[in-house]
Amino acid sequence: MAALPPQLTSVAALHAYLGVGAGEARFLSRYAHHRYRAVNIPKRRGGFRNLLVPEDRLKFLQRKMLELLEPRYKPRPAAHGFVVGRSAITNANSHQARPYLLNLDLENYFGNITRNRVHGMLQAIGFAPEVARAICHICIVNNQLPQGAPTSPLLANMVSFRLDKDLTQFSKANRIRYTRYADDITFSSYVRPVALFSEPLQEAGALSVEGLSKELRLIISSNNFTINPVKTRYADRKSRKEVTGLIVNEFTNVRRTFIRDLRASLYKIDKLGLSAAQTSYNEKYGSDALLKDVLRGRLEWLAQVRSRSFYTYRTLAQRYNKHFPDNPAPIDPTNEEVAKSAIFVIEHFDGDGAQGTAFLLDGVGLVTAFHTLDGMVSEWADLYRPHEPTKKFRAKVGGKFCKHRDIALLEHDIPAEDQASLRPATGAEHVKSSIIALGYPEFASGDGLSERTGKIVGRSTKSAVRYVEVDAILGDGLSGGPIVNDRYEVIALTHKGGLLESKQLGVDIVEITKVAEA
């Protein structure tokens, strides 16, 4: 690990950086509990979450402390809670469409992380004992991490680093996927995960701690955590699977009740008016929150999970905007509209010429099949959308391509304001999942975007390249176009097909990612 910054090399340097004088340092070492207030917030499923919220001065010190500590933590791939670029959604995405799933909860997660554990962890990563002690004075109260302090999530993740390592190794050895979102632990697999249980034929449903394997229980207990005995649940092929509040049976989605409640709240405003609906909400939940803000927050969550082009989001957002025009919820074009703007005809006229399809992929850029432009002598190929014939663009093979995978990432001159991108799929679609092959097969003037529907009929790996086989006919001109799932997320790039081919193949989206990251 890199050397400590100067502010963390001594207590004097730390206090100078924070602006803490000798008197305040003595106060924090003895009476820090006087600078917290207890707050109870209702949980969505009943009960209350007990927080210890620091006063403004202490919160300021903790936020400055957080800036120093964050570079000292490199999260493992399994950690999704309170990690930049990860979330409850990425945590759920890790387990979507996997037939077997086990959820565990670590009991009193923040409360079980004591002063000694934080102090020992800081020493283990290179902090001097007296500096570690000074940090604990600022970040620990009542011998626990206060749930409500800015530094607590990071320190909890740092203390849980060894737990993540041990459970990751255990999972890899047993072909299981493991993730953790704070105190929520999830395992999933494609085959029955017998290594997780004390009995090989575990039935779906609630599970006692004793029903878990000794090895799993030992890993958790040896890391000084305790499994919550009432929050252990196993789901098999026929069960509903939920991870951090999201359904993951086929793809990541919100609960039906979430949509139902959101729709009911908007209906109540329609029928009773905003004032009566606001009063009803406050009385029901014992809250003084504004219904406008609550509904907007729920719409934002739905948009994060399913996108702003999701039909249900668009419908609900339109109803919301009718009541609250001063703070409208953004609405994106439909999936079909995005696809129409993101997909292009690409062609060149060298030799016999060639024509295919190219598309903009979010986070990657303009993509097509390498063979579409293979043999082109001219530097640039023509690029255009048939519904906008006056807009002509150019594209050429850039520095990132792979002839073996039949993938080319293209340089282009499409203005940023004229770009729309398709999203990559967040998980592998399984056999029999619905697909749509998009592009411009045998394109001629007047043709629109072709949508050939079908299903995945198989997956294969040849010469270390992953392919997706579909039953839609992938004719000439579709090469380089996207194959998407029913949410218009890209699962593959059209590679070859047609009536004379025995298989209709696309190159898996993971191969595009490999080329882009090379």
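Notes on the structure in this doc start here. (Residues numbered from 1 in each chain as written. Predicted model: local features only at pLDDT ≥ 70, side-chain atom pairs only at ≥ 80, totals over all residues. Heavy atoms only, no water.)

**What about the overall build of the chain?**
Reasoning step 1: Along its length, the chain carries 16 helices and 22 strands.
Reasoning step 2: Counting only C-alpha atoms and orienting by the principal axes, one finds that the chain spans roughly 85 × 60 × 55 Å.
Reasoning step 3: Buried residues in the chain amount to 50% of all 518 residues.
Reasoning step 4: Of the roughly 25,300 Å² that the chain leaves accessible, carbon and sulfur atoms contribute 50%.
Reasoning step 5: For the chain, the distance from the average position of its 70 positive side-chain charges to the average position of its 55 negative side-chain charges is 8 Å. (Helix = DSSP H or I, 4+ residues; strand = E, 2+ residues; numbered from the N terminus. Buried < 20%, exposed > 50% of the residue type's maximum accessible area, 1.4 Å probe, protein only. Areas by Shrake-Rupley, 256 points an atom, 1.4 Å probe, with all protein chains shown as cover. Lys, Arg positive; Asp, Glu negative; His and termini not counted. Charge placed at Lys NZ, Arg CZ, Asp CG, Glu CD.)

**Considering helix α6 (residues 129–139)**
Reasoning step 1: Across the eleven residues of α6, eight count as buried, placing the element largely inside the fold.
Reasoning step 2: Burial in α6 covers these residues: Val131, Ala132, Ala134, Ile135, Cys136, His137, Ile138 and Cys139.
Reasoning step 3: Of the surrounding secondary structure, the elements contacted by the buried residues of α6 are α1 (11–18), α2 (22–31), β1 (36–42), α3 (56–69), α5 (115–124) and α7 (152–159). (Contact = heavy atoms within 4.5 Å.)

**A look at the pairing of strand β14 (residues 392–402)**
Reasoning step 1: The pairing of strand β13 (residues 381–384) with β14 spans four bridges and is antiparallel. When the sheet's bridge partners are listed, Tyr384 is paired in β14 with Lys392.
Reasoning step 2: Relative to strand β15 (residues 407–412), β14 is paired through five bridges, and the arrangement is antiparallel. Across the sheet, Cys402 pairs through a bridge with Ile407, a residue of β15. (Pairing = 2+ DSSP bridges.)

**Topic: the nonpolar core**
Reasoning step 1: Formed by 65 residues in total, the largest nonpolar core has its most connected members in Leu14, Met65, Leu102, Val118, Ile135, Phe187 and Leu216.
Reasoning step 2: Tallying contributions element by element places α6 first for this core, with seven residues.
Reasoning step 3: Two domains each provide a minimum of three residues to this core, namely domain 1 (1–72 + 111–144) and domain 2 (80–108 + 164–254).
Reasoning step 4: Leu14 has contacts with Gln7, Leu8, Met65, Leu68, Val131, Ala134 and Ile135, leaving out every residue within four places of it along the chain.
Reasoning step 5: In terms of nonpolar packing, the next biggest core, distinct from the first, is built from 30 residues, Val338, Ile343, Ala369 and Tyr440 among them. (Core = buried A, V, L, I, M, F, W, Y, C linked by side-chain atoms within 4.5 Å. Domains from an automatic or database assignment.)

**Some words on the pattern of salt bridges**
Reasoning step 1: Applying the stated rule across the entire model yields 25 salt bridges.
Reasoning step 2: Here Arg319 and Asp270 are joined by a salt bridge, their closest N and O atoms 3.0 Å apart. Remark: Asp270 occurs in helix α10 (residues 256–272) and Arg319 occurs in helix α13 (residues 311–323); sequence separation between them is 49 residues.
Reasoning step 3: We classify Arg319 as partly exposed; its relative accessible area is 22%. (Salt bridge = Lys/Arg side-chain N within 4 Å of Asp/Glu carboxyl O.)

**Some details on the packing of helix α11 (residues 274–285) against helix α12 (residues 291–306)**
Reasoning step 1: At a closest axis distance of 10 Å, the pairing of α11 and α12 adopts a crossing angle of 80°. Taken together, the axis directions place α11 and α12 in an arrangement best described as roughly perpendicular. Every residue of α12 that contacts α11 at Ala277, Gln278 and Tyr281 is listed here: Leu291, Val294 and Arg298.
Reasoning step 2: Among the residues making up the contact of α11 with α12, the classes are represented as four nonpolar, one polar and one charged. (Axes fitted to C-alpha atoms, helices over the stretch in contact; angles between N-to-C directions. Parallel < 35°, antiparallel > 145°, perpendicular 65-115°, else oblique. Nonpolar A, V, L, I, M, F, W, Y, C, P; charged D, E, K, R; others polar.)

**Here's the deal with α10**
Reasoning step 1: In a regular helix each residue adds 1.5 Å, so 17 residues correspond to 24 Å; α10 covers 24 Å between its end C-alpha atoms and thus fits that length.
Reasoning step 2: Of the positions making up α10, those classed as buried are Phe258, Ile259, Leu262, Ser265, Leu266 and Ile269. An end-on view of α10 places all buried positions within 130° of arc, on one side of the element. Turned more than 90 degrees away from the buried face of α10, the exposed residues are Arg256, Lys271 and Leu272.
Reasoning step 3: Of the surrounding elements, those touching the buried residues of α10 are α11, α12 and α13.
Reasoning step 4: Trailing α10 by a residue or two, Gly273 shows a phi angle of about 95°, which is positive. (Expected span 1.5 Å × (residues − 1). Arc of directions from axis to C-beta.)

**Things to note about the side chain of Arg35**
Reasoning step 1: Take Arg35: it is sitting in the loop between α2 and β1.
Reasoning step 2: Only 3.0 Å separates the side chain of Arg35 from the side chain of Glu24, close enough to count as a polar contact.
Reasoning step 3: Those residues in contact with Arg35, other than ones at most four positions away along the chain, are Glu24, Phe27, Leu28, Val53, Pro54, Glu55, Arg57 and Leu58. (Polar contact = N/O pair within 3.5 Å; in protein donor to acceptor, adjacent residues only side chain to side chain.)

**Concerning the sheet that holds strand β11 (residues 354–361)**
Two orientations exist for strands paired in a sheet by backbone hydrogen bonds: parallel and antiparallel.
Reasoning step 1: One closed barrel accounts for six strands, arranged β10-β11-β12-β15-β14-β13; its pairing is antiparallel. Direction aside, neighbouring strands of the sheet carry axes that sit 40° apart on average.
Reasoning step 2: The sheet contact formed by strand β10 (residues 343–348) and β13 spans three bridges and is antiparallel. In the sheet register, Ile346 faces β13, and the bridge partner there is Leu383.
Reasoning step 3: Running at roughly 20° to β10, helix α14 (residues 335–342) makes contact with β10 and β11 of the sheet.

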